[in-house]
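Understanding the architecture of this molecule
Take a look at the letters that make up each chain.
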Amino acid sequence: MFSGPDRHRRPVFSRAFGLRIALWYATLFVIGSAVIVLLTYYLTAISLAQRDHQILQSKLGEYAAAYARGGINVLAGTVRAEQQAAPERLFVRVVDRGVEALVLSSPNGWDPSLLETASVRLADGTLVQVGKSTEPREDLLARFRAALGIVTLLIVVTALTGGWLVTQSAMSPIRQLTRAVRRIIRTGQTDTRVPGSGSGDALDELTTLFNMMLDRIERLVTAMHGALDNVSHDLRTPLTRLRGAAEMALAAAPDLDRYRDPLLHNIEEAARVHVMLTRVKNISEAQSGTMQLEREPVRLAEIVDSPVELHQHLA
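We now turn to the structure provided with this report.

What to know about the overall build of the protein
A tally of helices and strands in the protein yields 5 helices and 4 strands. Going residue by residue from the N terminus, the α and β elements of the protein occur as α-β-β-β-β-α-α-α-α. Counting only residues that meet the buried cut, the protein has 23% of its 315 residues in that class. Split by element, the accessible area of the protein, about 22200 Å² in all, is 62% carbon and sulfur.

This is how it looks when you write it as structure tokens:
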């Protein structure tokens, strides 16, 4: 009565389970990649900032040495020569002891909010300042962020696609096991086997154990069918004798002496049937592994005397 809904629920559950594994894989992959991307951006930003700081310190030392050699004129010549040849302009200002500021670089286009400066005071009290705009660095970082955004998007797409493909590959043995179990439940035949991948992993080991379990079940079922055939054949004779003795007793004249022998014969045959059924039960329990054995010393004479006593009358 519930086979229909169960049959529809199982594939949905299997797909949902595979989807959860793919999402977990993609999430972990994306988180790890995002950490690497953010760390790369952070280290790049620090490296660029340190590079700008080193440039400022280097130029500050050069300009301070030029000012010490020839004063403001030598410093101004050095600045003009460098700004004509250098690809990036620097902001240079000298503040003398009379608190008079002289800007040696062109002030046009400088944004004070984007200016990073370094300064040194000389022995005569003159202050030399060197500044560098952070706009090129921010522009480079903006382009780097855009590239990292594209890379992150590609990582997400790759993670989802790879997670789905890896999940499908990993779930393939489980789906084969599921199909085999459904086929066994539907047909009752235990000859279905799941092919192993030969990889030696946990799923391959599970497939091997599943096939070994089916082999054992098939052997038990075959043995059970053989035992049932033998029992049905062996029971036919004593049951026929029971019926024959009863019919002979009923057909004879009412006499207690005439009934005694058929009744004794029926008791012997019933005892034989009981022993046979007990033996079949013991064999079934032994094959299934549920028999509890209680070992104790016995006399072999008693074991031999039991069948002798059972068949003594017929003998």
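There's plenty left to go through after this.
Comments concerning empty space enclosed by the protein
Counting across every chain of the model gives 1 cavity of 30 Å³ or more. When its volume is computed, the largest cavity comes out at roughly 40 Å³. Lining the largest cavity are Glu268, Arg272, Leu310, His311 and Leu314. Elements that contribute at least two residues to the lining of the largest cavity include exactly helix H4 (256–288) and helix H5 (300–311). Its residues assigned to classes, the lining of the largest cavity shows 2 nonpolar, 1 polar and 2 charged.

Structural notes on the pattern of salt bridges
In total, this model carries 6 salt bridges according to the counting rule given. Residue Asp52 pairs with Arg137 through a salt bridge whose shortest N-O separation is 3.2 Å. Placement of the pair is Asp52 in helix H1 (residues 3–85) and Arg137 in helix H2 (residues 135–187), with a sequence separation of 85 residues. Of the charged contacts in the structure, one is a salt bridge between Lys59 and Glu62, with a shortest N-O distance of 3.6 Å. In this pair, Lys59 and Glu62 are both assigned in helix H1, 3 residues apart and thus about one turn of the helix distant. Overlapping salt bridges bring together Arg51, Asp52, Glu116, Lys132 and Arg137 as one network.

Rules of the game
- Residues numbered from 1 in each chain as written.
- Predicted model: local features only at pLDDT ≥ 70, side-chain atom pairs only at ≥ 80, totals over all residues.
- Heavy atoms only, no water.
- Helix = DSSP H or I, 4+ residues; strand = E, 2+ residues; numbered from the N terminus.
- Buried < 20%, exposed > 50% of the residue type's maximum accessible area, 1.4 Å probe, protein only.
- Areas by Shrake-Rupley, 256 points an atom, 1.4 Å probe, with all protein chains shown as cover.
- 1 Å grid on protein atoms, 1.4 Å probe; cavity = no way out; pocket = protein on both sides within 12 Å on 5 of 7 lines; lining within 4 Å.
- Points joined across faces, edges and corners; volume = space filled by probe spheres on them.
- Nonpolar A, V, L, I, M, F, W, Y, C, P; charged D, E, K, R; others polar.
- Salt bridge = Lys/Arg side-chain N within 4 Å of Asp/Glu carboxyl O.

As far as function goes, none of this settles anything; it's purely spatial.
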